[in-house]
Amino acid sequence: MSFDDFLSQRLEQRKAVGLHRHRRTVKGAASVHQNVDAQSLVNFCSNDYLGLAGHAQARQAMSDVAIGEGVGSGASHLVSGHSRYHQALEAALAHTTGRESALLFSTGYMANIGLITALAGPSQHIIADKLNHASLVDACQLSCQQNGKKQFFRYRHNDLAHCEALLKKAPPHSLLVTDGVFSMDGDFAPLRELAQLAKTYNAILVVDDAHGFGCVSKGAGSVSAHQLSPEDVPVYMGTLGKAIGSYGAFVAGNKVLIDTLMQFSRPYIYTTALPPAVAAASLANINTMRAMPEHRQSLNENIMYFKRHIKPLLAKHPAYQLLPSDTAIQPLLIGCTEAAMKISQHLHASGFWVAAIRPPTVPAGTSRLRITLSASHTTQQIDALLRALQAACEAVLSHSEDGAC
């Protein structure tokens, strides 16, 4: 068997169970109106929660810096790639999150790999929520392999008793790792209770707030929303490609933490720095986010409006469940992968882009529509989505008594 035949077998196996992925090509700026494969759609699957990806000030900042200073940074931060724009952005991120310092990474995935592998030594355990983002899971597994021993333990989602049972067996300075807002369920981690457990058992609480930063607590994120201090949550990770509408990620903490990451985080040390123009655009959107709270207000109003007006659909179709979430991520649990895909396809034909999320991204039997809301959506667009969703659900359920495969 040739290597191509070997790979083709794997692909056919994935297609056979309805899990084969493919890309769609978009044209134009990221917005709630998207040209997708030459079709105009209203986008309800973007992470541009505050509608800042196409903000005029960010565009101007990126253009000015790219014209004046070029496109690439030319090197890693520790060689010659750390510009004044990176420095200013790190200072703004530290200030926004109430921390002493911040460190930029090229992606959230790299930030999580970099911080977990740098901080988890062979004597420490890593205690992590079962539904953490894939980047955190991979980071924890890589750290375990790196240290050559079993040290990674997962507790049931938001199950404080299970978490405590694992912490009781952990040595001092073990890492307690959680999302702030869970990317597929949209719910908050019980950060106040987790912080207390970390304090009780001398663990270090690490929060990935990719989907909370910029959206809650005046933009400062879920840690601030829970009124926790930097001492309660020593390690804070956020991304710039979601609510901030740009690209990249960061870790914020005290100066000792940031210096430790600069010395030991391989993804930071050995990666070319973000383009200065991207850093300038991020800084512009950070300033906009802080100066214009109406973006968050519009987002919150849209979240409440959607949750209120989807209730008749849920009452009519009890086979489908809206997971409890007060964030921009509103997951409609379908269960069956085939049904989720068909509803998504119906919506697409009606002019709405809503992603169907399938295993292995979510556990088997929990395929869903991941409906994400933006500050830029109008109530008219939400109403139209709900009408199309009603029709799509009825079309799929007409071929199945309970919507199951």
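Here is what the cut-offs are and how they apply
- Residues numbered from 1 in each chain as written.
- Predicted model: local features only at pLDDT ≥ 70, side-chain atom pairs only at ≥ 80, totals over all residues.
- Heavy atoms only, no water.
- Buried < 20%, exposed > 50% of the residue type's maximum accessible area, 1.4 Å probe, protein only.
- Helix = DSSP H or I, 4+ residues; strand = E, 2+ residues; numbered from the N terminus.
- Arc of directions from axis to C-beta.
- Contact = heavy atoms within 4.5 Å.
- Axes fitted to C-alpha atoms, helices over the stretch in contact; angles between N-to-C directions.
- Parallel < 35°, antiparallel > 145°, perpendicular 65-115°, else oblique.
- Left-handed = near helix turned anticlockwise from the far one by under 90°.
- Nonpolar A, V, L, I, M, F, W, Y, C, P; charged D, E, K, R; others polar.
- Pairing = 2+ DSSP bridges.
- Salt bridge = Lys/Arg side-chain N within 4 Å of Asp/Glu carboxyl O.

J.: Any chance you could explain helix H8 (residues 191–200) here in plain terms?
T.: Each α-helix turn comprises 3.6 residues. Residues three or four places apart therefore point the same way. Along H8, the residues that are buried comprise Leu191, Leu194, Ala195, Leu197 and Ala198. Buried residues of H8, viewed axially, fall in a sector of 160 degrees; they line one side. Summarising the contacts, the buried residues of H8 are in contact with strand S6 (152–155), helix H7 (160–168), strand S7 (175–179), strand S8 (204–208) and helix H9 (222–225).

J.: Whenever I open this one, the packing of H7 against H8 confuses me. Can you help?
T.: When two helices pack together, their arrangement is captured by the angle between the axes and the distance separating the axes. As a packed pair, H7 and H8 sit with axes 11 Å apart at the nearest point and diverge in direction by 20 degrees. By the angle between their axes, H7 is roughly parallel relative to H8. Regarding H7 and H8, the two cross each other, and that crossing is right-handed. Touching Leu160, Cys163, Glu164 and Leu167 of H7 are Glu193, Leu194 and Leu197, all from H8. Grouping the constituent residues of the contact of H7 with H8 by class yields five nonpolar, no polar and two charged.

J.: What am I meant to see in the pairing of strand S9 (residues 235–239) here?
T.: The side chains of a regular strand alternate between the sheet's two faces. With five of its five residues buried, S9 lies for the most part within the structure. The alternating pattern of S9 places Val235, Met237 and Thr239 and Tyr236 and Gly238 on opposite faces, both of which are buried. The pairing of S9 with strand S10 (residues 249–253) spans four bridges and is antiparallel. Its bridge partner lying in S10, Gly238 is registered against Phe250.

J.: I keep staring at the environment of Glu100 and nothing clicks. Help me out?
T.: In this fold, Glu100 is placed in the loop between helix H4 (84–97) and strand S4 (101–105). A C-alpha to C-alpha distance of 27 Å links Glu100 and Gly74, two positions 26 residues apart in sequence. Contact partners of Glu100, with chain neighbours within four places excluded, come to Ala94, Gly253, Asn254 and Lys255.

J.: So what exactly am I meant to see when it comes to the packing of helix H13 (residues 294–309) against helix H16 (residues 379–397) here?
T.: Between H13 and H16, the shortest axis-to-axis distance is 10 Å and the interhelical angle comes to 30 degrees. Taken as axis vectors, H13 and H16 run roughly parallel relative to one another. Crossing handedness for the pair H13 and H16: right-handed. Residues Asn302, Tyr305, Phe306 and His309 of H13 pack against Thr379, Ile382, Asp383, Leu385 and Leu386 of H16. Its residues placed into classes, the contact of H13 with H16 shows five nonpolar, three polar and one charged.

J.: Would you explain the sheet that holds strand S2 (residues 33–36) in this entry?
T.: Backbone hydrogen bonds hold the strands of a sheet together, and the pairing may be parallel or antiparallel. Judged by pairing direction, the sheet is mixed, and its four strands sit side by side in the order S1-S2-S3-S13 without closing on themselves. Two strands in the sheet have a free side with no partner beyond their single neighbour: strand S1 (26–27) and strand S13 (352–353). Where S1 and S2 come together, two bridges link them in antiparallel fashion. Within S2, the residue paired with Val26 across the bridge is Val36.

J.: I keep staring at the sheet that holds S7 and nothing clicks. Help me out?
T.: The mixed open sheet is built from seven strands, whose spatial order is S4-S10-S9-S8-S7-S5-S6. Each having just a single partner strand, S4 and S6 make up the two edges of the open sheet. When strand polarity is set aside, the average angle formed by the axes of neighbouring strands in this sheet is 20 degrees. Packed on one face of the sheet, H4 meets S4, S9 and S10 and runs near 125 degrees to S4. Here helix H10 (residues 255–264) sits on the sheet in contact with S4, S9 and S10, set at roughly 135 degrees to S10.

J.: Help me understand the side chain of Asn112 in this model?
T.: Along the chain, Asn112 falls in helix H5 (residues 108–119). Beyond its immediate chain neighbours, meaning those up to four positions away, Asn112 contacts Ser135, Leu136, Ala139, Asp208 and Met237.

J.: Any chance you could explain the pattern of salt bridges here in plain terms?
T.: When the charged atoms of two side chains lie near each other, side chains of opposite charge can form a pair. Inspection of every chain in the model, using the stated rule, returns eight salt bridges. The shortest N-O distance in the salt bridge between Asp185 and Arg368 comes to 2.7 Å. Of this pair, Asp185 sits in the loop between S7 and H8 while Arg368 sits in strand S15 (residues 367–372), and the two are 183 residues apart along the sequence. Judged by its relative accessible area of 16%, Asp185 falls in the buried class. One salt bridge connects Glu338 with Lys342, and the closest N-O pair in it is separated by 3.0 Å. With a gap of four residues between them, Glu338 and Lys342 both fall in helix H15 (residues 337–349), about one helical turn apart. A residue is classified by how much of its surface remains accessible, and Glu338, at 43% relative accessible area, is partly exposed. Given a relative accessible area of 36%, Lys342 falls into the partly exposed group.

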